[in-house]
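Descriptive analysis of the structure
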Amino acid sequence: MQSDKYNFALIVSLFAVIISACLSFFRMDGGVLQDVFHYGEFFSALFKGHPNDFNGQLVIHGALDYLPGMFALRVFGEQHFMLPTWVMYQILNLVTVLFGWLVLVLVTRDRSARPLILLLWGVVGTQLVGYRDLLFIINLYIFLLLKDTDRSKQSIWLEIALGVACALGVFWSFDRGIAMAGAMLAWSIIELVVSGKKSKVLISFLLVILILSFGFDRFSIGNYFENLRILFETSDQWRYPFSWEVGLMMFSVYCLSFSAIYFLTTQLRLEKEKVISDYVFYVFLIVFFAKISTNRMDVQHFLMGIWVPLVIGLRCYFKIPELFGFRKYKLVVCLNVIQLLLVYGVCKSQVVLIVTLSLLSFLIILSFERKSLKIIGSLLVFIMFFLIAIEVKSLVKSVRNGSYDWALLLVKNLNNKEVLPEGVVWAASEILKLNNSCLFDFTNNGLMNGYTNLGSCGRFSYLVYGNEKYEPEFISTLLNSKPKVILYSTNHWSFSIDKKPMMKRFPHLNAVILEKYSREICRYGYCIRYLG
């Protein structure tokens, strides 16, 4: 009977995760693709640009920037693929959260607190992970399965699957893929040295890398490292100037990371069978995520930097809880809750508040497991209802704004322009009238590529991906491709990222544009310029 109740609680938590993820991810504000920059990245690298000036399209994240769009383009056609592409990315978001749920199922095995923690994941998971983390979380799930299995045949297939997933992850998302690949290679080499066994993970990883590299131009090793080289060269421009907000979020990420490493070190020191390879694997992931998240410290990257140490710290506690003095563990978690509350006080971000309250709930759940005072349970119920109230309020607002109306329109096989802002449709239509062979976009708006079915004139789909070093290349691209009309400016924030307009980022290119493209027409917040 107890087992039936336990399984029922797991099923309830799974449905809660699915419902929460659907309501969060499948929300389209205003019923159109308003975020021309981030949603535009789904389309900006899909089409080949001007043949005389195309050296291989660069992407900012990895294959995730174009694979869903390529699939939707093939299935739905050029005039109807933009809404299905957006839906596909939201489905990938949902799948990622579900794999996060599976990771926590393994982490919390045989613990009475498992259903409550999985229920919390339904609230907070949608804020912490997304489609960029998909292959990373799949890798983490397979790794945890591998560590928990004792069957030799099963472990062989899991090792092969781990190597394959790790190789796919390297191409899917640059930063997450490199983090997992580095951790996995370190783990495999240490295992090889210590046990002397051939690493099936390493063999399958290298085999898949070679097959993809030599079988597909998009995945060639040369293009991959060239793309990475440019990303490293231009990464400094994305750093925010230091402020109390930035400093506090960085401090919070480092605190959580240090706490997780402290628990890992305690576990390694007190375990009878010391597994140094696992220790190196987890520490590598924590340190790498702390580094890439603090490179551009805003709320989104802050959330990216904290979920990995949270999950790893949780695994340490639940693996051998008797190794830790509970008071010491509770003290560390309390300190992290306090500093998260400080982050919320500075940022005033609802997402940070949700994460903070979820972590506080987690602390209460652990206390409840230790049969603390009944008031602890009452406090947990209050926090859970407060979190649900936040979600319900957000849902009601979204429904009123028509954020879910797209679901009814999807079955009508909408033309692309029906889900685009009117300014994008107007500017794209003007460009199509003059039969441009490629798109020169000074505003970093990938929706234009999707609607016009044109690739960028050069290898940078968004010029903001480059820096002043690449300004001569941008000028050469413009002069060589000679598009008859260009998208010059917009009042959308994509034109002035970090409050720095594109004409100030690239003043020499702007001077050439003003000289060669003298006639300007502006409507709906967009300006285009004509050659001559």
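As shown above, the structure is provided for reference.
Presented here is an overview of the structure given in this document.

What counts as what
- Residues numbered from 1 in each chain as written.
- Predicted model: local features only at pLDDT ≥ 70, side-chain atom pairs only at ≥ 80, totals over all residues.
- Heavy atoms only, no water.
- Helix = DSSP H or I, 4+ residues; strand = E, 2+ residues; numbered from the N terminus.
- Contact = heavy atoms within 4.5 Å.
- Areas by Shrake-Rupley, 256 points an atom, 1.4 Å probe, with all protein chains shown as cover.
- Buried < 20%, exposed > 50% of the residue type's maximum accessible area, 1.4 Å probe, protein only.
- Arc of directions from axis to C-beta.
- Salt bridge = Lys/Arg side-chain N within 4 Å of Asp/Glu carboxyl O.
- Axes fitted to C-alpha atoms, helices over the stretch in contact; angles between N-to-C directions.
- Parallel < 35°, antiparallel > 145°, perpendicular 65-115°, else oblique.
- Left-handed = near helix turned anticlockwise from the far one by under 90°.
- Nonpolar A, V, L, I, M, F, W, Y, C, P; charged D, E, K, R; others polar.
- Patch = residues over 30% accessible without salt bridge, like charges linked within 9 Å, V, L, I, M, F, W, Y side chains within 5 Å.
- Lys, Arg positive; Asp, Glu negative; His and termini not counted.
- Polar contact = N/O pair within 3.5 Å; in protein donor to acceptor, adjacent residues only side chain to side chain.

**With respect to the overall build of the protein chain**
Helices and strands together make up the secondary structure of the protein chain, namely 21 helices and three strands. Of the contacts formed within the protein chain by residues at least 6 apart in sequence, a portion of 76% connects residues at least 24 apart. Per element, the accessible surface of the protein chain, about 24,400 Å² overall, is 64% carbon and sulfur.

**Notes on the environment of L94**
Looking at the element boundaries, L94 is found in helix α3 (residues 82-107). As for L94 and G125, which are separated by 31 residues in sequence, their C-alpha atoms are 9.9 Å apart. Among residues more than four places away in sequence, those in contact with L94 are I18, A21, C22 and F25.

**Some remarks on helix α2 (residues 67-76)**
Taken together, the buried positions of α2 are occupied by P68, G69, A72 and L73. Each buried residue of α2 lies within a common arc of 135° when the element is viewed along its axis, so the set occupies one face.

**A closer look at the pattern of salt bridges**
Taken as a whole and assessed by the stated rule, the structure comprises eleven salt bridges. Close ionic contact of K469 with E233 constitutes a salt bridge, the shortest N to O distance being 3.0 Å. Highlighted residues: K469 in the loop between α18 (447-452) and α19 (471-481) and E233 in helix α9 (residues 221-234), separated in sequence by 236 residues. Look at K469 and you get exposed, because its relative accessible area is 54%. In this structure, E520 and R529 form a salt bridge, with 3.3 Å as the shortest nitrogen-oxygen distance. A relative accessible area of 35% places E520 in the partly exposed class. By relative accessible area, which is 10% here, R529 ends up buried.

**Digging into the packing of helix α11 (residues 276-294) against helix α12 (residues 299-319)**
Between α11 and α12, whose axes approach to 8 Å, the crossing angle comes to 165°. In terms of orientation, α11 lies roughly antiparallel with respect to α12. Note on packing geometry: the crossing formed by α11 with α12 is left-handed. Only H301, M304, G305, W307, V308, P309, I312 and R315 of α12 make contact with α11, whose side of the interface consists of Y282, L285, I286, F289, I292 and S293. Split by residue class, the contact of α11 with α12 holds ten nonpolar, three polar and one charged.

**Remarks on the packing of helix α5 (residues 134-148) against α12**
The geometry of α5 relative to α12 is characterised by a closest axis approach of 13 Å and an angle of 10° between their N-to-C directions. By the criterion of interaxial angle, the relationship of α5 to α12 is roughly parallel. For α5 against α12, the interelement crossing comes out right-handed. Counting all contacts with α5, which are made through F136, I137, L144, K147 and D148, the residues of α12 involved are W307, V308 and R315. Residue composition of the contact of α5 with α12, by class: five nonpolar, no polar and three charged.

**A word on a nonpolar patch on the surface**
Nonpolar side chains collect at one region of the surface, where I11, F15, I19 and L23 lie side by side and expose about 370 Å² of accessible area between them. Examined against the element boundaries, L23 turns out to sit in helix α1 (residues 2-25). Accessibility expressed as a relative area gives 30% for L23, which makes it partly exposed.

**So, the side chain of R505**
Within the secondary structure, R505 sits in helix α20 (residues 502-505). The buried charged residue R505 lacks any salt bridge partner; its closest oppositely charged side chain belongs to D498, at an N-O distance of 4.4 Å. A polar atom in the side chain of R505 sits 2.9 Å from the backbone oxygen of I497. Beyond its immediate sequence surroundings of up to four residues, R505 is in contact with Q237, V464, I497, D498 and K500.

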